Amino acid sequence: MRQITAAQAAPLFAGRTETTVRAFLHQGMGRAFADAQGRCAQIVVGDLCCFAGDADAPGAEELAGHVPADHPALSLLMVPHDAAWDARIGAAGGARAGRITRWRLHADSLRADFLRPLSMPPAGYRIRRFDGALYRQALKAEWSRDFVSLYRDEADYLARGIGVAALVDGELVAGASSYFSYDGGIEIQIQTREDHQRRGLARCCGAVLCLLCLERGVEPDWDAANLESRRVALRLGYRDGGSYSAWELRKENVDASKKDERF
């Protein structure tokens, strides 16, 4: 197995429209790996991973069970492209692999007039666009790192990313931001600090970010990890795209009883 460039990965992923593929091929976000013969490949962007090529190639099993050693989370979310890759991931992961369900949402039904009333913050909170100071503040706490962590640095986030924060006395307590960018869109990341949850901040921040995306002609892609995330997206006017099955593959030597809250 070897790491490959976007140019080397492009033929295997030709015609694919997943946001992870577009982020790597067109924005240079994440990394890609291939088998020695170049018959199959894996793209990893943050916590998300997808595959292309021949799932029966000699190197496919190693690739399907591969979580980069320096991956910061306990596990990696692997989305199979077809039944062959689905079976390959399950077999390669063995006891490290667990089935999960996620939900697709479509942004083509979003309307600015519907979103504006939902964008008003609860009493005591202020909404502000992410700037350099908020970028640096987000990096300091584990709960908020994913707002900005996939960008190379502050300048890269400010150039390609977009986000909004909910503040209390200048302190970041919730937000909605681009987890990563792809050509023509962003993958949305929404988080609320535990002591400020259940106050409507996810809805409010999500509405403001969606409005900014609509103004810019940017697609705000939303892929829900749980039913609560799906509920918020539907409340904002996203169109339900149904559920799909994926794999959560734990890193080597990680205790199976540990739950990765990212998924």
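Not measured: the values here are computed from a predicted model.

1. Focus on the pairing of strand β2 (residues 31–34)
Move 1: In this structure, strand β1 (residues 2–4) lies alongside β2, joined through three bridges in antiparallel fashion. When the bridges of β2 are listed, I4 appears paired with A32.
Move 2: Taken together, the four bridges between β2 and strand β3 (residues 40–45) define a ladder with antiparallel strand orientation. Each bridged residue has a counterpart across the sheet, and for A32 the counterpart in β3 is I43.

2. A short note on helix α2 (residues 19–27)
Since the α-helix packs 3.6 residues into each turn, any two residues three or four apart lie on the same face.
Move 1: Of all the positions in α2, only T19, T20, V21, A23 and F24 are classed as buried.
Move 2: Phi turns positive, to about 70 degrees, at G28, one or two residues after α2.

3. Regarding the nonpolar core
Move 1: Among the nonpolar cores identified, the biggest contains 33 residues, and F13, I43, F130, V148, L172 and F180 are the most heavily contacted of them.
Move 2: Counting residues per element, the ones that place at least two in this core are α2, β2, β3, β4 (48–53), α6 (132–140), β8 (163–168), β9 (171–182) and β12 (239–250).
Move 3: Residue contributions to this core peak at four residues, all from β9.
Move 4: In this view, F13 contacts V21, L25, A41, Q42, I43, C50, F51 and A52; residues no more than four positions away in its chain are not counted.

4. A short note on the side chain of R16
Move 1: Examined against the element boundaries, R16 turns out to sit in the loop between α1 (6–9) and α2.
Move 2: Within the structure, the side chain of R16 is placed 2.7 Å from the side chain of E18, a separation counted as a polar contact.
Move 3: Only 2.8 Å separates the side chain of R16 from the backbone oxygen of F51, close enough to count as a polar contact.
Move 4: When residues no more than four places from it in sequence are discounted, the contact partners of R16 are V21, C50, F51, A52 and H81.

5. Here's the deal with the sheet that holds β4
Move 1: Strand order across the open sheet formed by 12 strands is β1-β2-β3-β4-β5-β12-β6-β11-β10-β9-β8-β7, with mixed pairing between neighbours. Every interior strand has two partners, whereas the edge strands, β1 and β7 (126–129), have only one. Taken pair by pair, the neighbouring strands of this sheet meet at an average axis angle of 35 degrees, ignoring direction.
Move 2: Examined bridge by bridge, strand β10 (residues 185–192) and strand β11 (residues 219–224) share three bridges and lie parallel to one another. Its bridge partner being in β11, E187 is matched across the sheet by D221.

6. Considering the packing of aromatic side chains
Move 1: Tallying each qualifying case throughout the model produces eight aromatic pairs.
Move 2: With 5.8 Å between their ring centres and 45 degrees between their planes, Y179 and F180 make a pair best called tilted. Residue Y179 shares its accessibility class with F180, and that shared class is buried.
Move 3: Through successive ring pairs, a cluster of aromatic residues spans F130, Y135, W143, F147, Y151 and Y157.

7. So, the environment of R231
Move 1: Looking at the element boundaries, R231 is found in helix α9 (residues 227–236).
Move 2: Put simply, R231 and R203 are 28 residues apart on the chain and 9.7 Å apart in space, counted from C-alpha to C-alpha.
Move 3: A distance of 2.8 Å separates polar atoms of two side chains, one belonging to R231 and the other to E228.

Scoring rules and cut-offs
Residues numbered from 1 in each chain as written. Predicted model: local features only at pLDDT ≥ 70, side-chain atom pairs only at ≥ 80, totals over all residues. Heavy atoms only, no water. Pairing = 2+ DSSP bridges. Helix = DSSP H or I, 4+ residues; strand = E, 2+ residues; numbered from the N terminus. Buried < 20%, exposed > 50% of the residue type's maximum accessible area, 1.4 Å probe, protein only. Core = buried A, V, L, I, M, F, W, Y, C linked by side-chain atoms within 4.5 Å. Contact = heavy atoms within 4.5 Å. Polar contact = N/O pair within 3.5 Å; in protein donor to acceptor, adjacent residues only side chain to side chain. Axes fitted to C-alpha atoms, helices over the stretch in contact; angles between N-to-C directions. Phe/Tyr/Trp six-rings, centres within 6.5 Å; stacked < 30°, edge-to-face > 60°.

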